[in-house]
There are 2 protein chains.
Amino acid sequence: MEKLNNIHPGEVLKAEFLDPMGLTAYKLAKAIFIPQNRLSEIIHGKRSISVDTALRFSKFFGTSPKFWLGLQMDYDLEEKKPEISAEIQEIKAFQE
Amino acid sequence: MEKLNNIHPGEVLKAEFLDPMGLTAYKLAKAIFIPQNRLSEIIHGKRSISVDTALRFSKFFGTSPKFWLGLQMDYDLEEKKPEISAEIQEIKAFQE
DNA sequence: AAGTTTACTTACGTCAAACATAAGTAATTG
DNA sequence: CAATTACTTATGTTTGACGTAAGTAAACTT
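Predicted model only: the values in this text are computed from it and were never measured. (Residues numbered from 1 in each chain as written. Chains lettered and ligands numbered in written order. Predicted model: local features only at pLDDT ≥ 70, side-chain atom pairs only at ≥ 80, totals over all residues. Heavy atoms only, no water.)

1. Considerations on helix H2 (residues 25-32) of chain B
All names here are of chain B.
Part 1 of the argument: Looking at H2, one finds that the buried residues are Leu28, Ala29 and Ile32. Viewed along the axis of H2, the buried residues span an arc of 100 degrees, placing them on a single side of the element.
Part 2 of the argument: Contacts from the buried residues of H2 go to helix H1 (9-21), helix H3 (36-43) and helix H4 (51-61).
Part 3 of the argument: Just beyond H2, the residue with positive phi is Phe33, at close to 60 degrees. (Buried < 20%, exposed > 50% of the residue type's maximum accessible area, 1.4 Å probe, protein only. Helix = DSSP H or I, 4+ residues; strand = E, 2+ residues; numbered from the N terminus. Arc of directions from axis to C-beta. Contact = heavy atoms within 4.5 Å.)

2. Topic: the packing of aromatic side chains
Part 1 of the argument: If you walk through the whole model with that rule in mind, you get 18 aromatic pairs over all chains.
Part 2 of the argument: Ring geometry for Phe57 of chain A and Trp68 of chain A: centres 5.0 Å apart, planes at 70 degrees, overall edge-to-face. Taken together, the residues span a long stretch of sequence, with Phe57 of chain A in helix H4 (residues 51-61) and Trp68 of chain A in helix H5 (residues 65-90) at a distance of 11 residues. Summarising the burial analysis for this pair, Phe57 of chain A and Trp68 of chain A share the class buried.
Part 3 of the argument: In textbook terms, an aromatic cluster arises when at least three aromatic residues are bridged by ring pairs, as seen for Phe17, Phe57, Phe60, Phe61, Phe67 and Trp68 of chain A together with Phe94 of chain B. (Phe/Tyr/Trp six-rings, centres within 6.5 Å; stacked < 30°, edge-to-face > 60°.)

3. Quick look at the interface of chain A and chain B
Part 1 of the argument: Counting residues at the interface gives 30 residues for chain A and 30 residues for chain B.
Part 2 of the argument: With both sides pooled, the region where chain A packs onto chain B buries about 2,900 Å², and carbon together with sulfur makes up 76% of that total.
Part 3 of the argument: On the chain A side of the interface with chain B, the three residues burying the most area are Lys59, Ile91 and Phe94 of chain A, jointly 23% of the side's total.
Part 4 of the argument: Joining chain A to chain B, the criterion identifies 10 residue pairs in polar contact (both at pLDDT 80 or more).
Part 5 of the argument: Here the side of chain A that touches chain B gets 15 residues from one element, more than from any other, and that element is H5 of chain A.
Part 6 of the argument: Counted by class, the side of chain A that touches chain B contains 17 nonpolar, two polar and 11 charged residues. (Buried area = accessible area lost by both parts, 1.4 Å probe. Polar contact = N/O pair within 3.5 Å; in protein donor to acceptor, adjacent residues only side chain to side chain. Nonpolar A, V, L, I, M, F, W, Y, C, P; charged D, E, K, R; others polar.)

Keep in mind that these numbers describe shape and distance, not what the molecule does.
Spelled out as structure tokens, the structure:
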């Protein structure tokens, strides 16, 4: 199930980092020592930002790793919410 | 590789929520419609807080889902950092 | 013009981990 | 003493992140 208007981290990577910086996925892959397909799949939303990837982006771009994992978290939450909303609604909040 | 002094989210769940609230893992599992072993394994640090689990905790405890996923993120980062620190150090920050 | 490097994508097999089911034990409650 | 509560561990399935590799094409080098 693909939620509309939910930007995945790969879009941010491409639009906010690679393109403005004049960088290719090929160059980035070499620079952070990962295979090219990892980046290709991230950019096309087929793979998530893992802790490993976040740490590498972090060092290269000078961002925090949580920035990248936060983007992923936001995306995953938005994707998952509608899938399980029916069951979530059945959950009663704890009464202290 | 198990980093010392890194608290996993299961510890927080037990020490900061279940115990103070007089709740058992059994009751929580029933309340949020998940199998008991899922909670048992989380509490013992053998399983991570997934998006699904975070959304359920969120509704039941009245916290944000990001609170739980944030704990997991912090834990995962601390665990992973030492594993790949050598390779990360070889990454050169991008020069604009 | 031929060859090397850059650039990207897709196919494929592996492995780790999140999942549910189920079974087992023990303590508590009716 | 039977049912429920409570917890743990074993087992099998599926998903997804991983690397390797191969394919195509464009842009440089020589």
